[in-house]
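Remarks on the overall topology
Each chain, written out:
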Amino acid sequence: METVTPTTAPAIPAGYMADAKGRLVPEPLVKPADKLQDQLVRKLMGYADDLSAQIARFKVHTFDDVGAFLALLAEQYQDTRGGQKGNMTLTSFDGTMKVQVAVADHMTFGPELQIAKNLIDACIADWSTGANDNIRALVEHAFRVDQEGQVSRDAIFALRRVAIEDERWKQAMTAIADSVRIEGTKTYVRFYRRPSPEARWEAVNINLASA
């Protein structure tokens, strides 16, 4: 794969401002409101870049510290296997703070899902109306796509919890199971605190998912 070297934006001569098309506009010709807006955006973006970098560093340090703690526990219990970290909750001794680490699978569905839909449609077409109207609504909800063209994972799996003694339905459920593709995992960390052990947990709002 060819490596693309980022290009550096050309320096803007003193007394000019570059517009959205890259044209140099003399500053006296730029409206004062546009100048103020430009200054505000650049100021806020500077703060945002600094904060984003801090969050990224905090995320790395958090996972490093959790990993070091787990390594100490493994050494205490003579567990030398290592391996991937799973879901866990770490709580302060006084019960007022906790850190949750969650590992989530990035899941998609393969072409077997369409086969499952065809089998389910065939079942519904042959069944009598009445009680099966609820099943029809459940199926329509499961296979409804969102704005990104994705179906609901939870709704699809809800179909597998419906016990129906029809061979086509059973084959459809097998097709759903075979359609699951795990394309990777992502680890999230969330922070909570409360004033006392009897109080409800309140989330500390730090979005690390996109850092």
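The structure this text deals with has already been given above.
What this report covers is the structure whose coordinates are included nearby.

About the thresholds
- Residues numbered from 1 in each chain as written.
- Predicted model: local features only at pLDDT ≥ 70, side-chain atom pairs only at ≥ 80, totals over all residues.
- Heavy atoms only, no water.
- Axes fitted to C-alpha atoms, helices over the stretch in contact; angles between N-to-C directions.
- Helix = DSSP H or I, 4+ residues; strand = E, 2+ residues; numbered from the N terminus.
- Left-handed = near helix turned anticlockwise from the far one by under 90°.
- Contact = heavy atoms within 4.5 Å.
- Nonpolar A, V, L, I, M, F, W, Y, C, P; charged D, E, K, R; others polar.
- Buried < 20%, exposed > 50% of the residue type's maximum accessible area, 1.4 Å probe, protein only.
- Arc of directions from axis to C-beta.
- Core = buried A, V, L, I, M, F, W, Y, C linked by side-chain atoms within 4.5 Å.
- Pairing = 2+ DSSP bridges.
- Salt bridge = Lys/Arg side-chain N within 4 Å of Asp/Glu carboxyl O.

Attention now goes to the packing of helix α4 (residues 153–160) against helix α5 (residues 167–179). Where α4 contacts α5, the axes come no closer than 9 Å and their chain directions differ by 140°. Note on packing geometry: the crossing formed by α4 with α5 is left-handed. Taking contact as the criterion, the partners of I156, L159 and R160 in α4 are, on α5, W169, M173, I176 and A177. For the contact of α4 with α5, a count of residues per class yields six nonpolar, no polar and one charged.

Once that is clear, we can look at α4. Residues A155, I156, A158 and L159 constitute the buried set of α4. Taken down its axis, α4 places every buried residue within 155° of arc, on the same side.

Counting residues in each nonpolar core, the largest one holds 20 residues, and the members touching the most others are I120, V139, F143, L159 and W169. Among the elements of the structure, α2 (112–126), α3 (132–142), α4 and α5 are those that each provide at least two residues to this core. Among residues more than four places away in sequence, those in contact with W169 are I120, C123, W127, I135, V139, L159, V162 and I164. In this structure, V66, M88, V101 and V189 belong to the second largest nonpolar core, which totals five residues.

A word on the environment of P28. Here P28 shows up in the loop between β2 (24–26) and α1 (32–76). It is 8.2 Å that separates the C-alpha atoms of P28 and G15, two residues lying 13 residues apart in sequence. In this structure P28 touches G15 and K35, once residues within four positions along its chain are discounted.

Here we come to the pairing of strand β5 (residues 180–193). As paired elements, strand β4 (residues 97–109) and β5 share 13 bridges and run antiparallel to each other. Residue pairing for β5: M107 is matched across the bridge by I182. Bridge analysis of β5 against strand β6 (residues 202–204) gives three bridges, and the strand direction is antiparallel. Residue Y192 lies in a different strand from β6, and its bridge partner there is A203.

Inspection of the entire model under this criterion finds seven salt bridges. Residue E112 pairs with R181 through a salt bridge whose shortest N-O separation is 3.0 Å. Taken together, the positions of E112 in helix α2 and R181 in strand β5 put the pair 69 residues apart, joining distant regions of the chain. Judged by relative accessible area, which is 24%, E112 ranks as partly exposed. Here D166 and R168 are joined by a salt bridge, their closest N and O atoms 3.3 Å apart. D166 gets classed as buried once you look at its relative accessible area, which sits at 14%.

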